[in-house]
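Chains, contacts and geometry: an overview
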Amino acid sequence: MQTTFSLGTIDWAIILIYFIFVLGIGWALRRYMKDSKAFLEAGRSLPAWVTGLAFISANLGALEVIGMAASGAKYGQMTFHFYFVGAIPAMIFLAIFMMPFYYGSKARSVPEYLKLRFDEKTRGFNAFAFAIMTVFSSGISMYALALLAQVIMPLHIDWNILGLHIGEFDFYLMVSAVIVLVYMVLGGLTSAIYNEVLQFFLIVIGFAPLVFIGLKEIGGWEGLRANLPENMMHTWKLTGSSGANPMGVEWFGVAMGLGFVLSFGYWTTNFLVVQRAMAAGSMSAARKTPLIGALPKMLLPFLVVVPGMIALALSNMGDLEIPLKAGSAVKDFDKVIPVLLMRYMPVGVLGVGLTALMASFMSGMAGNVSAFNTVFTYDIYQSYIRPDQSDHHYLKVGRWTTVVGVLISIMTAYVAKSFNNVMDFLQLIFAFVNAPLFAAFLLGMFWKRTTGHAAFWGLIGGTIAAAVHHGISLPVGGTAGVKGGYFALVHTYPSEMAQNFWTAIYAFSTALILTFVITVLTKKIKTDDELKGLVYSLTPKIRDTNIQWYQKPEFLAAIVGAIAIVLSIIFW
Amino acid sequence: MGLDIKIPIGLMFSLLGLILTILGLVTNGDTALYEQSLGYNINLISGVVMLLFGLFMLLTSTLFRKKKEEE
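Read on for a plain summary of the structure. This is a predicted model, so every value here is computed, not measured. (Residues numbered from 1 in each chain as written. Chains lettered and ligands numbered in written order. Predicted model: local features only at pLDDT ≥ 70, side-chain atom pairs only at ≥ 80, totals over all residues. Heavy atoms only, no water.)

**Points about the overall build of chain B**
Spelled out, the test is: Secondary structure elements follow DSSP: runs of H or I of four or more residues count as helices, runs of E of two or more count as strands, with numbering from the N terminus. Type-normalised accessible area, obtained with a 1.4 Å probe on protein chains alone, sets the label of each residue: buried when under 20%, exposed when over 50%, and partly exposed for intermediate values. Residue contacts are defined here by distance: any two heavy atoms, one from each residue, within 4.5 Å place the two residues in contact.
Tallying secondary structure elements over chain B gives 3 helices and 0 strands in all. Counted from the first residue to the last, chain B has its helices and strands arranged as α-α-α. Across its three principal axes, chain B shows a C-alpha extent of roughly 50 × 25 × 15 Å. Within chain B, buried positions represent 44% of all 71 residues. Across chain B, contacts joining residues at least 24 apart in sequence account for 68% of those joining residues at least 6 apart.

**Considering the overall build of chain A**
Note the threshold: Per-residue and other accessible areas were derived by the Shrake-Rupley procedure at a 1.4 Å probe size, with only the shown protein chains allowed to occlude residues. For the charge count, each Lys or Arg is scored as positive and each Asp or Glu as negative, with His and the chain ends excluded. By convention, the charge on Lys lies at NZ, on Arg at CZ, on Asp at CG and on Glu at CD.
When helices and strands are counted, chain A shows 21 helices and 4 strands. Referenced to the eigenvectors of the C-alpha coordinate spread, the extents of chain A come out at roughly 70 × 55 × 55 Å. In chain A, of all internal contacts separated by at least 6 residues, the share reaching a separation of at least 24 is 79%. Accessible surface, chain A as shown: approximately 21200 Å² in total, 66% of it carbon and sulfur. Taken as two groups, the 37 positive and 29 negative side-chain charges of chain A have centres that lie 9 Å from each other.

**So, unusual backbone geometry**
Residues and elements named next belong to chain A. In this structure, Ala-42 is a non-glycine residue whose phi angle is positive, near 55 degrees. Along the chain, the position of Ala-42 falls in the loop between helix H2 (36–41) and helix H3 (48–57). You can call Ala-42 buried: its relative accessible area is 0%. Positioned with a positive phi, Lys-106 is a non-glycine residue whose angle comes to about 65 degrees. Among the secondary structure elements, Lys-106 is positioned in the loop between helix H5 (88–104) and helix H6 (110–117).

**A closer look at the side chain of Thr-374 of chain A**
Residues and elements named next belong to chain A. Quick reminder of the rule: For the purposes of these results, a polar contact is taken to be a pair of N or O atoms within 3.5 Å, where, inside protein, one atom must be able to donate a hydrogen and its partner to accept one; residues adjacent in sequence count only when each atom of the pair is a side-chain atom.
Here Thr-374 shows up in helix H16 (residues 349–385). Here Thr-374 falls in the buried class, since its relative accessible area comes to 0%. From its side chain, Thr-374 meets the backbone oxygen of Leu-40 in a polar contact 3.2 Å long. Contact partners of Thr-374, with chain neighbours within four places excluded, come to Leu-40, Arg-108, Phe-271, Gln-275 and Asp-379.

**Brief notes about the environment of Lys-483 of chain A**
All names here are of chain A. Inspection of the secondary structure assignment puts Lys-483 in the loop between strand S3 (473–475) and strand S4 (491–493). Classification of Lys-483 as partly exposed rests on a relative accessible area of 35%. For Lys-483, the contacting residues outside a window of four places in its chain are His-470, Ser-473, Leu-474, Pro-475, Glu-496 and Gln-499.

**Concerning the side chain of Ser-46 of chain B**
Among the structural elements, Ser-46 of chain B can be located in helix H2 (residues 42–59). Sequence-distant contacts of Ser-46 of chain B, that is, excluding residues within four places in its chain, are made with Pro-209 and Val-349 of chain A together with Leu-20 of chain B.

**A few points about helix H10 (residues 251–269) of chain A**
In an α-helix, one full turn covers 3.6 residues, which means residues spaced three or four apart are oriented alike. For clarity, the threshold we go by: Two axes enter the definition of the bend at a residue: one is fitted to the seven residues ending there, the other to the seven starting there, and the bend is the angle between them.
Maximal helix bending in H10 of chain A amounts to about 40 degrees, located at Ser-263 of chain A. Within H10 of chain A, 14 of the 19 residues are buried, which leaves the element mostly enclosed by the surrounding structure.

**Here's the deal with the pattern of salt bridges**
Residue and element names in this part refer to chain A. In plain terms, the rule: What counts as a salt bridge is simple: a side-chain nitrogen of Lys or Arg found within 4 Å of a carboxyl oxygen of Asp or Glu.
Taken as a whole, this structure holds 13 salt bridges over all chains when the rule is applied. Between Asp-379 and Arg-123 there is a salt bridge, with the nearest N and O atoms lying 2.4 Å from each other. Taken together, the positions of Asp-379 in helix H16 and Arg-123 in helix H7 (residues 120–152) put the pair 256 residues apart, joining distant regions of the chain. Per residue, the accessibility class of Asp-379 equals that of Arg-123, and both read buried. For Glu-554, the salt bridge goes to Arg-287, with nearest N and O atoms at 3.3 Å. Pair noted here: Glu-554 is in helix H21 (residues 553–570) and Arg-287 is in helix H12 (residues 283–297), with a separation of 267 residues, a long-range link. Residue classification places Glu-554 among the partly exposed residues on the basis of a relative accessible area of 38%.

**So, the interface of chain B and chain A**
We apply this condition: As used here, buried area is the combined drop in accessible area, with a 1.4 Å probe, of two parts when they are placed together.
Each partner contributes residues to the interface: chain B has 27 residues there, and chain A has 38 residues. Where chain B abuts chain A, roughly 2900 Å² becomes buried across the two surfaces, and 84% of that area is made up of carbon and sulfur atoms. Scanning the region where chain B abuts chain A turns up 0 salt bridges. Sorting the residues of the side of chain B that touches chain A by element identifies helix H1 (6–26) and H2 of chain B as the ones contributing at least two each. Ranked by residues supplied to the side of chain B that touches chain A, first place goes to H1 of chain B with 11 residues.

**Things to note about a nonpolar patch on the surface**
All names here are of chain A. Here is the rule we go by: Patches here are clusters of residues that have more than 30% relative accessible area and form no salt bridge, with a 9 Å joining cutoff for like charges and a 5 Å cutoff for nonpolar side chains (Val, Leu, Ile, Met, Phe, Trp, Tyr).
Side chains of Leu-295, Trp-549, Tyr-550, Phe-555, Ile-559 and Ile-563 sit close together on the surface and give an oily, nonpolar patch of about 550 Å² of accessible area. With 3 residues, the single largest contributor to the nonpolar patch is H21. Structurally, Leu-295 can be placed in helix H12. For Leu-295, a relative accessible area of 31% gives the class partly exposed.

Everything listed here is a matter of geometry and, on its own, says nothing about what the molecule does.
Here it is in structure tokens:
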């Protein structure tokens, strides 16, 4: 089956118009980038709806879009867990309980909060780990974009420049890198956030027709139900035992592993998303950011998971051939979005769909680069390399960090091209690093006694626990190596998903216990006065007396929570 | 930040919406083209939605608010 598109002039024009606007936004923002705060923190001046949409868009890179559609085809409705229990409780918790410390402490990054709350070594550990993670993620995103683009938009490029062979892969890699570089150097974090908002609307408008026509063809939700196995049409109902559902996890693994550890770890401590909330213009806007993001978040599964389910249903009906992975008989579910775009979209809307996909790849890069900039400039350069320089100096460093970040990403993309397995492995590792960090935050924010030594060794111990657990377990049918089991084989999980959830649970529990025990054994160094604004019990409660009850974050949180519960019951 | 995000969003979606609407009108009734979208003139539908969204963004942006204040 052919997987290339016949793009019309209009499709190319639409893609081109998008690129012009992306660069134009950077150009229009350049004159506002007067200090490092404007460049690296978006001046802390954005309205809540902008930061809210950017908050979820930063997690809606193309790797997620394609991955979630693939999960939809593999696990069916179980994938909805990532949008309901796997996101909403954490977003509410961040908004109500954690944002007051993040925003109120005036910390400019997550590592800086760790420095204020704990100590230098905890900050250093997190800053370096995070910086490495973001450039690698950005590179992986770049690699995936070039890989997909050369398949679906072949340009037949075969250039020879100064003895270097430039093919389509290289061409798309360079084009995307240059565009991201230009708009990030010009407009900094604001550019990244604005483009994430643009990308969000493009995804909605680009994918909605796909879902609409797909559901029409298959006969609506009932048609989906008729053509998919029963166990793919539930979220909670079949989680009584791990064998009954396609994901291979029981309810405890879902609720504790995904709903608590992974989700809270990601949404509340990953600076990539938290940075968006910190760029808001006021405390109230910062607290509303995750809540405003949560509303469209709950609609996203219908745009990105349902296409995967439609593709599988069509394939079960013998009406669609899903391409196989190169050199194997396994269906390549990562291709379902391109395949459906090709099936349903005529010239015109096809351009919009592809633009949405391109936009999400580029914002996947830009989001990571913008978080890398801030952490490198403030937490590594200003802290360890050259402190006490003028703000103008740090603005310049921030700009150069963008250039360096993009260059490292390009190198990473080529590494990913040569060593596919290494990248799969790294992505797996990145999924666990936030679990121990969440333990440090939970104890640090709500127990004033928690010490810096305890947090630091808890982080190290939790990270080691994740590596050890992963190294002694395997999913069913997996071979030792990238999938785990590189130390020994002690336990076999029914699925990769189950293995991931339990790795996170072990990492978090180890970090929590270690931090608790070491805190008891060590002396509290920071005084209550120093911890004011950083710890729950020592911070005056926010009293929004000047706004109506229905304008308060708590009211919005209640609505978000209620909708999440209703959706969970409907799709039980 | 000095630039209201609604302006570029509004401009881009109005422009793309206009292109798709015109394309949809020109190709209206072209059954061969819209066979793959099950007979729906999806360009026209998407185009009108994008155009309306783009105009809504522009009308609620600072671009329009400032003009109103000056009057």
